[in-house]
Amino acid sequence: KSVWMWAIGYAGIFFTSENLWRASGFTGMRWFMNFRFFGYQSLYEYLTLHSKDYFNSRFSGSLSNKITHAVDGAQALFEKMLWNFFPLILGLLWFTAFSFNSDFRLGLIIAVWSIIFLVVNIWFAKKIHPRSFQSAKTGSILKGSIVDSLSNISLVHEYDYVAGEQEYIKNFVKKDRDAGLALWRLSEWMLFANGAMIVIFLCLMLGTSIFLFQEEIVSAGVVVMVIAIAITLTDKLLFLGMEIRDATRYFGEAKEGLEEILHKHTIVDSPNAIEFTFTKGAIDIVSIDFEYDNTKVFKDFSLSIPAGQKVGFIGRSGAGKTTLASLLLRHFEVQKGEIRIDGQNIHDVTLDSLRRAIAFVPQDTS
């Protein structure tokens, strides 16, 4: 009778857990797809508001990968938590409660062993985290470098620099390989430690339950249920190290992507910015100072251009011709002085309204 009761109870628990699992799938699919939509859209919108200087110093391919890393990494991490770690913790609590109900020694074994097992894996996770972050970072740089290299491959051929470009990419490939090996090596040690702890757990649980049965302290049904618990936990915990490794890698990818994207915007509207009102197009540059990369480009520079004039600037490369155009568009902020168009300080008007009023033909082919 006891055996039948536990067998039916186990089947009922399995049926309930499977239906809860499917219900979570139907609920989670909409949540995660909305999360992806919001993540991609919001990160792209934030990224596009960075300054020209931000994009000048970064590969566009790498930035694209960082958005993907941030969204995919966060989604995968939440999925792991919802469908792997959360059910496992609930299972451990349930199995511990059942074992305590059968015999306190069985419950004590699961409780103590579970705490030790989780502590060891958390320790490994902390060690893995910086390596997973570095692996994600090198992978992102590698992919971005390849994209940017291929997008300019015609120039590489024209300047007969294929071998040099291949060597350039090879350096990123090597860094990606070394970072991946460092992460994988520590992950294997975590799996080895988990395997050893699971063997100890099986020996303790099976040995104790058989001993209690021989001493007629527990029934045969309890032994069967302990065996079922041991098999279930072994199946779930055997690759927990890999799950934690993957979760740590996803966390590293998400963190690496977000850290690069969520820089504070340097060129923003002032708190009381108003719409720019275009009338004639008169430009007044008043005693401006501007420094870029520790190079003084303008110092106490002033210039007035009346409306309707055609003005050309001539000078050597790096003299500040393009920089002056960028300052008019507020791609950079002057450190001193001000720029006025039709009497309006461009710092006091909204960026959108200012740039809509200026026609600009860039020197690149885009």
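As shown above, the structure is provided for reference.
All of these numbers come straight from a predicted model, not from anything done at the bench. (Residues numbered from 1 in each chain as written. Predicted model: local features only at pLDDT ≥ 70, side-chain atom pairs only at ≥ 80, totals over all residues. Heavy atoms only, no water.)

Chemist: How should I be thinking about a nonpolar patch on the surface in this particular structure?
Modeler: Together, Phe 100, Phe 104, Leu 108, Val 112 and Ile 116 make up an exposed nonpolar region whose accessible area comes to about 460 Å². It is helix 4 (residues 104–151) that contributes the most residues to the nonpolar patch, four residues altogether. Looking at the secondary structure, you find Val 112 in helix 4. (Patch = residues over 30% accessible without salt bridge, like charges linked within 9 Å, V, L, I, M, F, W, Y side chains within 5 Å. Areas by Shrake-Rupley, 256 points an atom, 1.4 Å probe, with all protein chains shown as cover. Salt bridge = Lys/Arg side-chain N within 4 Å of Asp/Glu carboxyl O. Helix = DSSP H or I, 4+ residues; strand = E, 2+ residues; numbered from the N terminus.)

Chemist: Teacher, can you tell me more about the packing of helix 3 (residues 60–102) against helix 7 (residues 220–237) here?
Modeler: For the pair helix 3 and helix 7, interaxial distance at closest approach is 11 Å and the crossing angle is 160°. In this view, helix 3 runs roughly antiparallel relative to helix 7, as classed from their interaxial angle. Along this stretch, helix 3 crosses helix 7, giving a crossing that reads as left-handed. Facing helix 3, whose interface residues are Leu 88, Leu 92, Phe 95, Phe 98, Ser 99 and Ser 102, helix 7 presents Val 222, Met 225, Ile 229, Thr 232, Leu 233, Lys 236 and Leu 237. Grouping the amino acids of the contact of helix 3 with helix 7 by side-chain chemistry returns nine nonpolar, three polar and one charged. (Axes fitted to C-alpha atoms, helices over the stretch in contact; angles between N-to-C directions. Parallel < 35°, antiparallel > 145°, perpendicular 65-115°, else oblique. Left-handed = near helix turned anticlockwise from the far one by under 90°. Contact = heavy atoms within 4.5 Å. Nonpolar A, V, L, I, M, F, W, Y, C, P; charged D, E, K, R; others polar.)

Chemist: Looking at this structure, I do not really get the environment of Cys 203. What am I missing?
Modeler: Topologically, Cys 203 is positioned in helix 6 (residues 162–214). Along the sequence, Cys 203 and Ala 230 sit 27 residues apart, while their C-alpha atoms lie 9.7 Å from each other.

Chemist: Sorry if this is basic, but what is going on with the environment of Trp 189 here?
Modeler: Relative to the helices and strands, Trp 189 resides in helix 6. Residue Trp 189 is classed as exposed on the basis of its relative accessible area, which comes to 54%. For the pair Trp 189 and Phe 124, spaced 65 residues apart in the sequence, the C-alpha separation amounts to 8.9 Å. (Buried < 20%, exposed > 50% of the residue type's maximum accessible area, 1.4 Å probe, protein only.)

Chemist: What exactly am I supposed to notice about the nonpolar core here?
Modeler: Nonpolar side chains tend to gather and get buried jointly when the protein is soluble and globular. Of all hydrophobic cores here, the largest spans 36 residues; its most connected members are Trp 113, Phe 117, Met 205, Ile 229, Leu 233, Leu 237 and Leu 240. Within the residue set of this core, elements represented by two or more residues are helix 3, helix 4, helix 6, helix 7 and helix 8 (240–261). Excluding its chain neighbours within four sequence positions, the residues that come into contact with Leu 240 are Phe 85, Leu 88, Phe 117 and Asn 194. Within the second largest apolar cluster, 16 residues are counted, among which are Ile 285, Phe 290, Ile 305 and Leu 327. (Core = buried A, V, L, I, M, F, W, Y, C linked by side-chain atoms within 4.5 Å.)

Chemist: Explanation requested: helix 7 in the structure shown.
Modeler: Because each turn of an α-helix spans 3.6 residues, side chains separated by three or four positions in sequence point in the same direction. In a regular helix each residue adds 1.5 Å, so 18 residues correspond to 26 Å; helix 7 covers 25 Å between its end C-alpha atoms and thus fits that length. For helix 7, the set of buried residues is Gly 221, Val 222, Val 223, Met 225, Val 226, Ala 228, Ile 229, Ala 230, Thr 232, Leu 233, Thr 234 and Leu 237. (Expected span 1.5 Å × (residues − 1).)

Chemist: I keep staring at the packing of aromatic side chains and nothing clicks. Help me out?
Modeler: To describe a pair of aromatic rings, you give the distance between the ring centres and the angle between the ring planes. Under the defined criterion, the tally for this structure stands at 13 aromatic pairs. Each ring, one from Trp 31 and one from Phe 35, has its centre 5.7 Å from the other, and the planes form 10°; the classification is stacked. Of this pair, Trp 31 and Phe 35 both sit in helix 1 (residues 2–48), four residues apart, roughly one helical turn. A residue is classified by how much of its surface remains accessible, and Trp 31, at 49% relative accessible area, is partly exposed. Chaining the aromatic ring pairs together yields one cluster made of Trp 31, Phe 32, Phe 35 and Phe 78. (Phe/Tyr/Trp six-rings, centres within 6.5 Å; stacked < 30°, edge-to-face > 60°.)

Chemist: Where do I start with the packing of helix 3 against helix 4 in this structure?
Modeler: For any two helices packed against each other, one specifies the inter-axial angle together with the distance between the axes. Remark: helix 3 packs on helix 4, axes separated minimally by 12 Å, with the N-to-C direction vectors making an angle of 175°. Here helix 3 lies roughly antiparallel to helix 4, going by the angle between them. Among the residues making up the contact of helix 3 with helix 4, the classes are represented as eleven nonpolar, eleven polar and three charged.

Chemist: Help me understand the pairing of strand 2 (residues 295–305) in this model?
Modeler: Within a regular beta strand, the side chains point alternately toward one face of the sheet and then the other, so they alternate between its two faces. The pairing of strand 1 (residues 283–292) with strand 2 spans seven bridges and is antiparallel. Bridge pairing links Glu 291 to Lys 296 in strand 2. Linking strand 1 back to strand 2 in an antiparallel pair, the connection comprises two residues, with Asp 293 at a positive phi of about 50°. (Pairing = 2+ DSSP bridges.)

Chemist: In this structure, what is going on with unusual backbone geometry? I would like to understand it.
Modeler: Of all residues except glycine, most have a negative phi; of all peptide bonds, most are trans. Of note in the backbone geometry, Glu 216 takes a positive phi value of approximately 60° without being a glycine. With respect to the secondary-structure elements, Glu 216 resides in the loop between helix 6 and helix 7.

Chemist: What exactly am I supposed to notice about the sheet that holds strand 3 (residues 336–341) here?
Modeler: Strand pairing in a sheet takes place through backbone hydrogen bonds and is either antiparallel or parallel in direction. Spatial strand order, 2-1-3-4: four strands in an open sheet with antiparallel pairing. Lying at the two open borders of the sheet, with one neighbouring strand each, are strand 2 and strand 4 (344–345). Direction of pairing for strand 1 relative to strand 3: antiparallel, over a ladder of five bridges. Residue pairing for strand 3: Ile 285 is matched across the bridge by Ile 339.

Chemist: Where do I start with the pattern of salt bridges in this structure?
Modeler: Where charged atoms from two side chains of opposite charge come close, those side chains can pair. Taken as a whole, this structure holds 13 salt bridges when the rule is applied. Ionic pairing is found between Arg 58 and Glu 260, a salt bridge with its closest N-O pair at 2.3 Å. Here the residue Arg 58 occupies a position in the loop between helix 2 (52–56) and helix 3, and Glu 260 occupies one in helix 8, the gap between them amounting to 202 residues. Measuring nitrogen to oxygen at the nearest pair gives 2.9 Å for the salt bridge that ties Arg 105 to Asp 103. A single salt-bridge network, built from bridges that share partners, covers Lys 174, Arg 177 and Asp 178.

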